[in-house]
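The residues making up each chain are set out below.
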Amino acid sequence: MTDLPPLKTVTDLKLPRYLGTWYEIARLPMRHEPEGCTDVSAHYHLLDNGSVGVTNRCRMDGEVEEATGEACAIDNDSARLEVSFLPKGLRWLPFAKGDYWVMQVAPDYSVALVGSPDRKYLWLLAREPRLDATVQDHYLAAARLQGFDLSELIQTPHTGHPTA
């Protein structure tokens, strides 16, 4: 894994178009999102300080769980964000940030592929809770080309009870 080239991201992400609600279609496993989460959504909005406010929601055992955080651009590149879900007073801690790099986005900003440069985290997002299988395959193939191992990919269930 250490021999992988740098992760390619969207060269000119239009942050105002990216903001809003996204539904998680698929993801790689991660410790802070239990495997049993359904109806996963994320809402992004601009904060007064220029950072991006993040509200993630999922349904776990029938109850909606929510996490709020803040994302900051790395080197003024809005396609490369660092996100923290710690309480505001602790968000400055360097080990508390996760990489959220937008690798691909559809021309109409209806689908996005997001990952981390170490290839451990990956999300396929869409503006609707469902995504055409052909479109999904296209984005996942792009992830594979960038060195992501999708053998443990989780297809996020959407039960018709949206969290957004």
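Read on for an overview of the structure. (Residues numbered from 1 in each chain as written. Predicted model: local features only at pLDDT ≥ 70, side-chain atom pairs only at ≥ 80, totals over all residues. Heavy atoms only, no water.)

1. Re the environment of Pro 162
Here is step 1 of the chain: Mapped onto the secondary structure, Pro 162 falls in the segment after strand 9 (154–155).
Here is step 2 of the chain: Beyond its immediate chain neighbours, meaning those up to four positions away, Pro 162 contacts Tyr 23 and Arg 59. (Helix = DSSP H or I, 4+ residues; strand = E, 2+ residues; numbered from the N terminus. Contact = heavy atoms within 4.5 Å.)

2. A word on unusual backbone geometry
Here is step 1 of the chain: Phi is positive for Asn 76, which is not a glycine, with a value near 55°.
Here is step 2 of the chain: The topology assignment puts Asn 76 in the loop between strand 4 (63–74) and strand 5 (77–84).
Here is step 3 of the chain: Given a relative accessible area of 80%, Asn 76 falls into the exposed group.
Here is step 4 of the chain: Notably, Tyr 109 is not glycine yet its phi reads approximately 60°, a positive angle.
Here is step 5 of the chain: On the basis of relative accessible area, Tyr 109 is assigned to the buried category, the value being 7%. (Buried < 20%, exposed > 50% of the residue type's maximum accessible area, 1.4 Å probe, protein only.)

3. Digging into the side chain of Thr 9
Here is step 1 of the chain: Looking at the element boundaries, Thr 9 is found in the segment before helix 1 (15–18).
Here is step 2 of the chain: Note on Thr 9: relative accessible area 13%, which makes it buried.
Here is step 3 of the chain: Aside from chain neighbours lying at most four places away, what touches Thr 9 is Asp 77, Ala 79, Arg 80, Trp 101, Val 102 and Met 103.

4. Structural notes on the pattern of salt bridges
Here is step 1 of the chain: One pass over the full model with this rule turns up 5 salt bridges.
Here is step 2 of the chain: One salt bridge connects Arg 57 with Glu 66, and the closest N-O pair in it is separated by 2.7 Å.
Here is step 3 of the chain: What makes Glu 66 partly exposed here is its relative accessible area of 49%.
Here is step 4 of the chain: A salt bridge links Asp 77 to Arg 80; the shortest N-O distance between them is 3.4 Å.
Here is step 5 of the chain: Arg 80 sits in the partly exposed class, given a relative accessible area of 26%. (Salt bridge = Lys/Arg side-chain N within 4 Å of Asp/Glu carboxyl O.)

5. Regarding the nonpolar core
Here is step 1 of the chain: Leu 13, Tyr 18, Tyr 44, Tyr 100, Val 102, Val 114 and Leu 125 are the most contacted members of the largest nonpolar core, which totals 23 residues.
Here is step 2 of the chain: Those elements that place two or more of their residues in this core are helix 1, strand 2 (38–46), strand 3 (52–60), strand 5, strand 6 (98–105), strand 7 (111–115) and strand 8 (122–126).
Here is step 3 of the chain: If we skip the residues at most four places from it in the chain, Val 114 touches Tyr 18, Tyr 100, Trp 101, Val 102, Met 103, Tyr 121, Leu 122, Trp 123 and Leu 125.
Here is step 4 of the chain: In this structure, Val 111, Leu 124, Leu 131 and Tyr 139 belong to the second largest nonpolar core, which totals 19 residues. (Core = buried A, V, L, I, M, F, W, Y, C linked by side-chain atoms within 4.5 Å.)

6. Considerations on the packing of aromatic side chains
Centre distance and the angle of the planes are the two values used to describe a pair of aromatic rings.
Here is step 1 of the chain: Applying the stated criterion across every chain, the model contains 5 aromatic pairs.
Here is step 2 of the chain: Summarising the aromatic geometry, the rings of Tyr 121 and Trp 123 are spaced 6.2 Å apart at their centres and angled 15° between planes, so their arrangement reads as stacked.
Here is step 3 of the chain: Taking the relative accessible area as the measure of exposure, Tyr 121 reaches 21% and is therefore partly exposed.
Here is step 4 of the chain: Look at Trp 123 and you get buried, because its relative accessible area is 13%. (Phe/Tyr/Trp six-rings, centres within 6.5 Å; stacked < 30°, edge-to-face > 60°.)

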